[in-house]
Amino acid sequence: MLALLCLALPCAAAVAAQAAPAARPRAEVLHWWTSGGEAAAVRTLADAYRAAGGDWVDTAIAGNEQARAVALSRIVGNDAPAAALFNASRQFRELIDQGLLITLDDVAQREGWDAILPEPILNAVRVNGHYYAAPVSLHMPTWIWYSKVALRKAGVEKEPTSFAELFLALDKLKAAGLIPLAHGGQAWQDNIVFRAVLANLGGRELYLKAFRDRDPAAIASPQFREVLSTFKRLHSYVDAGSPGRNWNDATALLISNRAGFQIMGDWVKAEFSSASKLPGRDYGCIPGFGAHSPYIIQGDAFVFPRSTSAATLRAQKLLASAITGRATQLAFSALKGSIPIRADVDVSTLDQCARLGVSIMKDRSRQLGNDETWLTPDQNGALADILTDYWNRDLAVSTVQQRIVAALTD
Amino acid sequence: MNTRRIDRGLRRAHLALVPMALVALVCYLGATLWSLRISLSSSRSFPVSDFVGLAQYRRLFSNERWLHSLGNLATYGLLFVAACLVIGWLLAILIEREVRIGGALRLVFLYPYAMSFVATGLVWQWMLNPGLGIQEAVRRWGFSEFRFDWLVDQDHALYTIVIATVWQASGLVMTILLAGMRGIDADIWRAARIDAVPAWRLHLWVIAPMLAAPFATATLLLLTGVAKLYDAVVAMTQGGPGTASEVPTKFIMDHLFGRANIALASAGAAVLVLSALIVMMPLFYARARSNRRNA
C-alpha cells in the first residue's frame, strides 16, 4: 500500500524518515485500559516510553478477562506482544513456571524495588528471588464512599468509624427514604463488599488465615461466622434494582445524592471527577474502620514474554524502567485514580483520598494483599460463586462456611 | 453415455464437498476430540499432556454451580421448546388462515430472529428492570402496587430469559411450520372446507399429524439453541441474581478464560455435548425414519 502511494506521490523522503527510527526500541503493549480515564492514563505511559527513546505500539482490548485470554493464547502461539497487562497476582504464575517470561532483575536492582514497593506487590512479582513483572498501579478495592448531601439529608452528622455506626447511619438513610447502600449486584462486587467486612471486622489475622493459609479452622470459626452474617446484614440496605447493576451506575446514585454509601475500589473517583464532584466537598472516602484498619492492595503489572530477538529484549527492559519511573507514576496515578507503586514519590498534587491512601501505606503493618495474591483464579472464582449465592439467597451461615472450606482446599 | 455423465456429475459434487468435509472433520470433530483429551488432563492455563483419569469429571459433579446450571438448563429447555412450538404453531395457523394481521405478525415475529441477542438482550434488561422498565411505567400510570420484578428475583430470573428467547425464536418455528402447511395437498384443505370442519379440529387432528417432520426439525433447531444458550444470559442477568440463572455454557466460558482451568471447562463441554446428543438422537432417528417412509 505504501509502495503504491509512493509511485503516485514523491514520498520517498517520508519513507526514509519512517525507516530511520526503526532502530529505536519498539514494544507492542497489550492492555485492557479502554475507558475514558484509563485511556488517558495509559497515554502517559506511552509518552514516557517515547521520551525514553522507544516506540509504543498500543493494543487495547476491552475487558480484562478477554485481554488476558488474548495475551495467553498469543504467548502460547509464539506471537507474544512485548508486554502484557495482568493483575499483580497468581494470574501469571504459570507463565513463570513454564519459563515464558523474562526476568527484570537488573531493572529491579537499579531502581531498588525491594525498598520502594509494598510487600504484597513484591510477593506477586518476585518469585524465587527473581522479578517477573513491572507493577504500574496500586488500587484499593474496599473504600467506603459516601455522599455528603445524602448523609446530611438523613441527619447523619459524622462519618462512621465502626460497623455499629455504619449500620446506624444506614438505618437513618433508610428512614429518610434514600437508598442506604448503592450496590451493583454482580458477583465481583458482592465479593468486594465481603472483603471489606472481612478486613475491617475480621481483621488482618483472620483475613490472612482465610486467604493466605486457607485454614479450615479459621473459616469455621465464630469470628468468620460473624463476618459472614455482617456481610449478609448489609444486603438488607440495598435497593430492589441492585441485581446486575454496573458499579458505575451505583456510583451515579451517590453522585445524584439518591444513595448514601458505596463500597468499591478507588477507580470510582474517575466517575466523581467526570461529574465535577470533589472529595471532601461533595463526597467522602473512608479507607476502613479504626486507626489500624488494613489497606488492601490490588495492583496491575506488566509481564514481558520471552522472545528470541535481542531488540525486543532491549525494548522490554527500557519499557519496564520507563513505566515505573517517578514522574510517570505520578502522572499516571492522577488520571487512573490509583496511587503510585513506589513510596518515594511526592504525592502532594494528588487528591485527598489518594493522599490518605499513601499515608496509610507508609505503615507497612497495614498493607494487606488482595485475595488474588494467594488464591488461584479458579479458587477465587469458586469463592465468588459461593459469596454471591449467599448474598442473594437465604443460606445457613454454617453451610456457607463449609462450602468455602471445600472451595479453598480443593 | 447418460449414466457416465451422471457419474461424473456425482464425482464433481463429491469433490466440491471435500473442503466442507475437511473443515467438519478437522475443526469440529478434531477439536471435540482434543477437548476430550484435555478434560482427562490436569491442564490449567495451558494444555498439558498428563493423564488424571476422570478427576475433572468428579470435580465437576461435586460443583454446586455446575449442578445448579444443569438443572436450570433442563427447566429452561422444557419451557423454551414448548412455548416456542405452541406460539410458533399458533402464529403459523393465523397466517395460514390469512387473518388480516397475519402479514404484520410475520414481520414482528421473524424480525427478532435476525437480530443479535447481545443488543436485544440489553433492551430486555432495561424493560424488565423494576426501576426503569415496565414496572416503573405501570406504576407511574397510577397502579402503584404493580409488581413485575422477575429479573431481580432469585426464583423468577430464569423465566425472564425464557420470555425473551421465546420472543426471538418462535418466528423461526412459525416459518418452518408454515412451509410445512404450504406443502400439504390442497385437496385436504378443500375437503375440510366442504365438510365444514371447525378450524381448530382440522389443525389439531388432521394437519398437525401431517406436520410431524417440520415439528421435528423445529424441535431439533430449538434444542441446539438450548444447549448453546449463553448470549441471552450474559446480556440479561450475567447468571444472577447470585447464581440463579447460571447455565452450563457460562460455567465453561468462565473456567476456560477468567478462571484459567481449561481441563475443568473441557470436562464441562464434554458433558454438555454428550447430554445434547442423548436428547437429540431419538429425534434424529425419528426424522430419518419418517423421511425414508415418505421417500
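Residues numbered from 1 in each chain as written. Chains lettered and ligands numbered in written order. Predicted model: local features only at pLDDT ≥ 70, side-chain atom pairs only at ≥ 80, totals over all residues. Heavy atoms only, no water.

*Asks:* Mind laying out the layout of surface pockets, listing which residues take part and the relevant values?
*Replies:* Residues and elements named next belong to chain B. There is about 1,300 Å³ of room inside the second largest pocket. Taken together, 45 residues form the lining of the second largest pocket, with A31, T32, S35, A269 and V273 sitting closest to its centre. For the lining of the second largest pocket, the residue count by class is 35 nonpolar, eight polar and two charged. (1 Å grid on protein atoms, 1.4 Å probe; cavity = no way out; pocket = protein on both sides within 12 Å on 5 of 7 lines; lining within 4 Å. Points joined across faces, edges and corners; volume = space filled by probe spheres on them. Nonpolar A, V, L, I, M, F, W, Y, C, P; charged D, E, K, R; others polar.)

*Asks:* Please give an account of the sheet that holds strand β7 (residues 143-147) of chain A that cites residues and values.
*Replies:* All names here are of chain A. The four strands lie next to each other as β8-β9-β7-β10, forming an open sheet whose pairing is mixed. Where the open sheet ends on each side, the last strands, each with one partner, are β8 (179-181) and β10 (283-286). Across the sheet, the mean angle separating the axes of adjacent strands is 20° when strand polarity is ignored. Both β8 and strand β9 (residues 259-264) contribute to a ladder of two bridges, which runs parallel. The partner of I179 across the bridge, within β9, is A259. Docked against the sheet, helix α10 (residues 163-175) engages β8 and β9, running at close to 140° with respect to β9. (Pairing = 2+ DSSP bridges. Helix = DSSP H or I, 4+ residues; strand = E, 2+ residues; numbered from the N terminus. Axes fitted to C-alpha atoms, helices over the stretch in contact; angles between N-to-C directions. Contact = heavy atoms within 4.5 Å.)

*Asks:* So what about empty space enclosed by the protein? Which residues, and what values?
*Replies:* Residues and elements named next belong to chain A. By the definition in use, this model includes one cavity of 30 Å³ or more. Here the largest cavity is characterised by a volume of approximately 30 Å³. Taken together, S89, R90, Q91, E372, L375, T376, P377 and N380 make up the lining of the largest cavity. Per-domain counts for the lining of the largest cavity show at least three residues from each of domain 1 (25-138 + 298-363) and domain 2 (143-296 + 370-409). (Domains from an automatic or database assignment.)

*Asks:* An account of a nonpolar patch on the surface is needed here, citing residue identities and associated values.
*Replies:* Residue and element names in this part refer to chain B. A cluster of nonpolar side chains, L122, V123, W126, M127, L132, I134, W141, F143 and F146, forms an exposed patch at the surface whose accessible area comes to about 940 Å². Broken down by element, the residue count for the nonpolar patch peaks at four residues, all from helix α5 (residues 117-128). V123 sits in the partly exposed class, given a relative accessible area of 41%. (Patch = residues over 30% accessible without salt bridge, like charges linked within 9 Å, V, L, I, M, F, W, Y side chains within 5 Å. Areas by Shrake-Rupley, 256 points an atom, 1.4 Å probe, with all protein chains shown as cover. Salt bridge = Lys/Arg side-chain N within 4 Å of Asp/Glu carboxyl O. Buried < 20%, exposed > 50% of the residue type's maximum accessible area, 1.4 Å probe, protein only.)

*Asks:* Which residues make up the nonpolar core, and what are the values?
*Replies:* W145, L234, F261, F302 and I404 of chain A are the most contacted members of the largest nonpolar core, which has 138 residues in total. A total of 12 residues in this core trace back to one element, the largest contributor, which is helix α11 (residues 187-211) of chain A. Built from parts of two domains, this core gets at least three residues from each of domain 1 (25-138 + 298-363) and domain 2 (143-296 + 370-409) of chain A. Counting residues in each nonpolar core, the second largest holds 62 residues, with C84, F251, A265 and A267 of chain B among its members. (Core = buried A, V, L, I, M, F, W, Y, C linked by side-chain atoms within 4.5 Å.)

*Asks:* Can you tell me about the packing of aromatic side chains, naming the residues and giving the values?
*Replies:* In this structure the tally under the stated criterion is 25 aromatic pairs over all chains. On the basis of an interplanar angle of 70° and a centroid distance of 6.0 Å, the ring pair of F86 of chain A and F92 of chain A is categorised as edge-to-face. Judged by relative accessible area, which is 0%, F92 of chain A ranks as buried. Between W124 of chain B and W167 of chain B the ring centres are 5.6 Å apart and the planes differ by 70°, which places this aromatic pair in the edge-to-face class. Of the two residues, W124 of chain B is situated in helix α5 and W167 of chain B in helix α7 (residues 157-182); the sequence distance between them amounts to 43 residues. Assessed through its relative accessible area of 26%, W167 of chain B is described here as partly exposed. Here the aromatic cluster, defined as three or more aromatic residues joined through ring pairs, consists of W143, W145, F272, Y283 and Y295 of chain A. The cationic tip of R68 of chain A hangs over the ring face of W32 of chain A; the distance from NZ or CZ to the ring centre is 5.5 Å. The ring centre of Y237 of chain A lies 4.9 Å from the NZ or CZ of K174 of chain A, which sits over that ring. (Phe/Tyr/Trp six-rings, centres within 6.5 Å; stacked < 30°, edge-to-face > 60°. Lys NZ or Arg CZ within 6 Å of the ring centre and 35° of its normal.)

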